[in-house]
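Inside the fold
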Amino acid sequence: GPAAKMGALRHLDLSWCRGISEDGLGYLVDRAVGLRTLVLRGCAQISEIFLNGHSGEQLTVWGRDLLDCKLKPRPVHWSCDFGED
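Residues numbered from 1 in each chain as written. Predicted model: local features only at pLDDT ≥ 70, side-chain atom pairs only at ≥ 80, totals over all residues. Heavy atoms only, no water.

So, on to the overall build of the chain. Helix and strand content of the chain: three helices and three strands. Ordered by position in the sequence, the α and β elements of the chain form the string α-β-α-β-α-β. Of the contacts formed within the chain by residues at least 6 apart in sequence, a portion of 45% connects residues at least 24 apart. When the accessible surface of the chain is summed, it comes to about 5400 Å², and 55% of that surface belongs to carbon and sulfur atoms. (Helix = DSSP H or I, 4+ residues; strand = E, 2+ residues; numbered from the N terminus. Contact = heavy atoms within 4.5 Å. Areas by Shrake-Rupley, 256 points an atom, 1.4 Å probe, with all protein chains shown as cover.)

What follows concerns the environment of Gln58. The topology assignment puts Gln58 in the loop between helix 3 (48-53) and strand 3 (60-62). Expressed as a C-alpha distance, the spacing of Gln58 and Val33, which sit 25 residues apart in the sequence, is 8.8 Å. Among all residues touching Gln58, those that are not within four sequence positions of it are Leu35 and Arg36.

As for its position among the elements, Gly63 is in the segment after strand 3. Residue Gly63 is classed as buried on the basis of its relative accessible area of 3%. Once the C-alpha coordinates of Gly63 and Val39 are considered, the two residues, 24 residues apart in sequence, prove to be 5.7 Å apart. (Buried < 20%, exposed > 50% of the residue type's maximum accessible area, 1.4 Å probe, protein only.)

With that settled, the discussion passes to the state of the cysteines. A full pass over the atoms with the stated rule returns zero disulfides. Here Cys17 stays unpaired: no disulfide links it, and the sulfur of Cys43, its closest cysteine neighbor, is 6.1 Å away. Overall, Cys17 belongs to the partly exposed group, its relative accessible area being 30%. (Disulfide = S-S within 2.5 Å.)

Taken together, the buried positions of helix 2 (residues 22-31) are Leu25, Gly26, Leu28 and Val29. Across the axial projection of helix 2, the buried residues extend over an arc of 160°, all falling on one side. (Arc of directions from axis to C-beta.)

What follows is the structure, given as structure tokens:
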């Protein structure tokens, strides 16, 4: 079922998805226990509260650079160009 499919999810790019809330993202991360990479470039609505408090111990979150949180800049090897925020 859907729960088994969420457990198999490893990488998710939600860049520029401004309709997702921190609560919704937390719900997803809690259920997608296999999730290792989450890309949130352009998701300004996601704050340090989610970034420093999510339950995904193995999760790496990529996106725009914020101070004092787990969000990391986009990897250099990516070829897409969104310009600077």
